[in-house]
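Report on the structure
Chain residues, written in single-letter form:
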Amino acid sequence: APSSVWISTARSLAVFDISEAIENGVCAPYPVHGAPLDGRTPTPTRPKPFQCSIKPRSAKADVLIQQDVDY
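Residues numbered from 1 in each chain as written. Predicted model: local features only at pLDDT ≥ 70, side-chain atom pairs only at ≥ 80, totals over all residues. Heavy atoms only, no water.

In this section: the overall build of the chain. Secondary structure assignment for the chain yields 2 helices and 4 strands. Reading the secondary structure of the chain in the N-to-C direction produces α-β-β-β-β-α. The burial tally for the chain puts 8% of its 71 residues in the buried class. Expressed as a percentage of contacts within the chain between residues at least 6 apart in sequence, the contacts between residues at least 24 apart total 53%. Accessible surface, the chain: about 6300 Å² in total, of which carbon and sulfur atoms supply 59%. (Helix = DSSP H or I, 4+ residues; strand = E, 2+ residues; numbered from the N terminus. Buried < 20%, exposed > 50% of the residue type's maximum accessible area, 1.4 Å probe, protein only. Contact = heavy atoms within 4.5 Å. Areas by Shrake-Rupley, 256 points an atom, 1.4 Å probe, with all protein chains shown as cover.)

It is worth spelling out the environment of S19 at this point. One can find S19 in strand β1 (residues 16-20). The sequence separation of S19 and Q51 amounts to 32 residues, and the corresponding C-alpha distance is 9.2 Å. When near neighbours in sequence (up to four residues on either side) are disregarded, S19 contacts C52 and S53.

With that settled, the discussion passes to unusual backbone geometry. Although it is not a glycine, N24 adopts a positive phi angle of roughly 55°. Summarising the element assignment, N24 is placed in the loop between β2 (22-23) and β3 (26-27). Residue N24 is classed as exposed on the basis of its relative accessible area of 82%.

We now examine the side chain of S53. Within the secondary structure, S53 sits in strand β4 (residues 52-56). Setting aside chain neighbours within four positions, we find S53 in contact with D17, I18, S19, E20 and A21.

With that settled, the discussion passes to the environment of E20. With respect to the secondary-structure elements, E20 resides in strand β1. Taking the C-alpha atoms as reference points, E20 and S53, separated by 33 residues in sequence, lie 5.8 Å from one another. Leave out the neighbours within four places in its chain, and E20 touches C27, Y30, C52 and S53.

In structure tokens form, the structure reads like this:
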């Protein structure tokens, strides 16, 4: 089951171009270190929130996304 979830997620994200957010012509800052899940361990286990730009990778990808939204 975990493999199926991974493949499904990868396929869903494949139609998007995810990049740094641009604010006033400058890349938006993003955190370097993650945050511990339980607050007790110093090891980062998940990223801090950050801004990004998410756009369809192509016109064909945009059509696929719209078909899924309309479904």
